[in-house]
Amino acid sequence: MRENNMKIEFDALSENESFARLAIAGFMASSDPTLEELEDVKTAVSEAVTNAIIHGYVGKEGKVILSGNLKEHCLTVIIQDFGVGITDVEQARKPMFTTREDLERSGMGFTFMEAFMDELHIESKVNQGTTITMSKRLRG
Amino acid sequence: MDFEIEQDILIIRLPKEIDHHNCGPIKEGADNILLQQNIREIVFDFSQTDFMDSSGIGVLVGRYKNISCFGGVVSAIYLSKRIRKIFAMSGLDNIIRIYEVD
Ligand SMILES: Nc1ncnc2c1ncn2[C@@H]1O[C@H](COP(=O)(O)OP(=O)(O)O)[C@@H](O)[C@H]1O
Ligand SMILES: [Mg+2]
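Because the structure is predicted, anything quoted here is derived from the model rather than measured. Think of each chain on its own: its residues are numbered from 1, step by step along the sequence as written. Written order decides the labels, with chains lettered from A and ligands numbered from 1. The predicted origin of the model limits local features to residues at a pLDDT of at least 70 and limits the giving and counting of side-chain atom pairs to 80 or more, whereas totals for whole chains, interfaces and linings rest on all residues. Remark: hydrogens and water are excluded; side-chain values derive from all non-hydrogen atoms of the structure.

(A) Here's a closer look at the overall build of chain A. Put simply, DSSP H or I for four residues or longer makes a helix, DSSP E for two residues or longer makes a strand, and each gets a number counted from the N terminus. Scanning chain A from N- to C-terminus turns up four helices and five strands. For a compact globule the rule gives 2.2 Å times the number of residues to the power 0.38, and the radius of gyration it is set against comes from C-alpha atoms. Its C-alpha atoms give chain A a radius of gyration of 14 Å, within 12% of the compact-globule value 14 Å for 140 residues. Taking the principal axes of its C-alpha atoms as reference, chain A extends roughly 45 × 30 × 25 Å. Should any heavy atoms of two residues lie within 4.5 Å, those residues are counted as being in contact. The contacts of chain A with a sequence gap of at least 6 include a subset with a gap of at least 24, amounting to 64%. Note on areas: Shrake-Rupley with a 1.4 Å probe; residue coverage comes only from the protein chains shown. Carbon and sulfur atoms make up 49% of the accessible area of chain A, which amounts to about 7,100 Å² in all. Only four residue types enter the charge count: Lys and Arg as positive, Asp and Glu as negative, with His and the chain ends excluded. Here the site of a charge means atom NZ of a Lys, CZ of an Arg, CG of an Asp or CD of a Glu. In chain A, which carries 15 positive and 23 negative side-chain charges, the distance between the mean positions of the two groups comes to 3 Å.

Right, dumping it as structure tokens:
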């Protein structure tokens, strides 16, 4: 299989959460993933994109970049925003930690990203934004 | 998505996908009915649902909080293997009764 790359930029609007899931599913298709792998990646991407929209941009205007790389049956996905950033990444990663209880957030987003992907890397700078890098080996 | 009331049971047929974008109407619809009618149990019907991220957990926990202060209960039915896994990972199965059907 040849190496393959993609990059999409979209507005930080909640309707683009399902668009991002469809985009990553389409990108993965050439590597013939199992249904479970597909669902795992879609869930992880949905979590990261939702976070960019509601936490990164706090519901305001902004751009989200979704990129993907497929190489030797390993998928890497990057979700980037240029929003408020995360003050304490260690705390944010903890299961059930959320700063938006008012929105009934469950605080399980990072826990899901970690569980459904093989690797999760969070890079964030206050007032500059957040970059989530996740990878998963596809066995399908 | 639709809401059905049978005596004091509210059945919520959930949409195909539950994410942050579409979970608002589920919350608002359920809470309006809870305010207006005497509901003892909310049943979340997952028969049409094949995707749910952590936004869905917030929906279920939120309704659980709202109904349990009146002594009501929350249950779920027709969960796919995938949704079941999400219930287990998030501890939802500790507060929500799952109806087994084959
Ligand atoms: N892209 C982001 N920009 C700013 N803050 C974020 C971002 N992603 C996550 N966070 C912070 O990390 C916390 C935990 O995220 P998560 O585990 O997805 O839970 P939830 O989205 O339910 O709050 C969020 O409540 C928020 O404070
Ligand atoms: Mg989240």
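(B) Representation of the environment of Ile 98 of chain B. By the secondary structure assignment, Ile 98 of chain B is in strand β7 (residues 97-99). If we ignore the near neighbours within four places in the chain, the residues touching Ile 98 of chain B are Ala 76, Leu 79, Arg 84, Phe 87 and Asp 93 of chain B.

(C) Summary view of helix α2 (residues 35-56) of chain A. All names here are of chain A. To estimate how far a helix should reach, multiply one less than its number of residues by 1.5 Å. End to end, α2 covers 30 Å across 22 residues, agreeing with the expected 32 Å (1.5 Å per residue, within 8%). Of all 22 residues making up α2, 18 are buried, and the element is well covered by its neighbours. Val 58 sits one or two residues past α2 and shows a positive phi near 45°. Note on exposure labels: buried denotes an accessible area under 20% of the residue type's maximum, exposed denotes more than 50%, and partly exposed covers the range between, all computed with a 1.4 Å probe on protein chains only.

(D) Representation of the site of ligand 1. Residues and elements named next belong to chain A. Only a single heavy atom is needed: when it lies within 4 Å of a molecule or strand, its residue is near that molecule or strand. Around ligand 1, the structure places 18 residues, and the nearest of them are Asn 51, His 55, Thr 98, Thr 99 and Gly 107. We call two N or O atoms a polar contact when they sit within 3.5 Å, provided that within protein one can donate a hydrogen and the other can accept it, with sequence-adjacent residues counted only if both atoms are side-chain atoms. At 2.6 Å from an oxygen atom of ligand 1 is found a side-chain nitrogen or oxygen belonging to Thr 98. The backbone of Gly 107 places a nitrogen or oxygen atom 2.7 Å from an oxygen atom of ligand 1. Here ligand 1 loses 96% of its free accessible area of 540 Å² to cover by the protein chains.

(E) Geometry of the pattern of salt bridges. Note on definitions: salt bridges are taken to be side-chain nitrogens of Lys or Arg within 4 Å of carboxyl oxygens of Asp or Glu. Enumeration according to the criterion identifies 18 salt bridges over all chains in this entry. Residues joined by salt bridges that share partners form a network here, namely Glu 104 of chain A together with Lys 27, Asp 31 and Arg 63 of chain B.

(F) Here's a closer look at the sheet that holds strand β4 (residues 119-125) of chain A. Residues and elements named next belong to chain A. Any two strands between which DSSP finds at least two bridges are classified as paired. Reading across the sheet, the five strands line up as β1-β2-β3-β5-β4 and stay open at both edges, with antiparallel pairing between neighbours. The open sheet has two free edges, formed respectively by β1 (4-11) and β4, since each of these has just one partner strand. This sheet shows a mean twist of 10° between the axes of neighbouring strands, independent of strand direction. Sheet analysis places β1 next to strand β2 (residues 63-71), joined by eight bridges and oriented antiparallel. Opposite Lys 7, over in β2, you have Ser 67 as the bridge partner. Lines fitted to C-alpha atoms define the axes here, with helix axes fitted over just the stretch in contact, and angles between the N-to-C directions of these axes take values from 0 to 180 degrees. The sheet strands contacting helix α1 (residues 16-28) are β1, β2 and β3 (74-81), and the helix crosses β1 at an angle near 170°. Running at roughly 175° to strand β5 (residues 129-137), α2 makes contact with β1, β2, β3 and β5 of the sheet.

(G) Region of interest: the environment of Ala 12 of chain A. Residue and element names in this part refer to chain A. Note on placement: Ala 12 falls in the loop between β1 and α1. A residue is classified by how much of its surface remains accessible, and Ala 12, at 7% relative accessible area, is buried. Through-space distance from the C-alpha of Ala 12 to that of Glu 61 is 6.2 Å; in sequence the pair is 49 residues apart. Here Ala 12 is in contact with Ile 53, Tyr 57, Lys 60, Gly 62 and Val 64, once residues within four sequence places are set aside.

(H) Seen up close, the packing of aromatic side chains. All names here are of chain A. Each pair of aromatic rings taken from Phe, Tyr and Trp, with Trp reduced to its six-membered ring, is defined by centres within 6.5 Å and is described as stacked if the planes are under 30 degrees apart, edge-to-face if over 60, and tilted in the remaining cases. A full pass over the atoms with the stated rule returns three aromatic pairs over all chains. Taking 5.9 Å as the distance between ring centres and 85° as the angle between the ring planes, the aromatic pair formed by Phe 10 and Phe 19 counts as edge-to-face. For Phe 10, a relative accessible area of 5% gives the class buried. Measuring from ring centre to ring centre gives 5.5 Å for Phe 112 and Phe 116, while their planes differ by 65°; the resulting arrangement is edge-to-face. On the criterion of helical spacing, the pair formed by Phe 112 and Phe 116 is a turn pair, its members being four residues apart in helix α4 (residues 109-116). Look at Phe 112 and you get buried, because its relative accessible area is 0%.

(I) Quick peek at the side chain of Thr 131 of chain A. On the secondary structure map, Thr 131 of chain A appears in strand β5. Excluding residues that lie within four positions of it along the chain, Thr 131 of chain A makes contacts with Ile 78, Ile 79, Gln 80, His 121, Ile 122 and Glu 123 of chain A.

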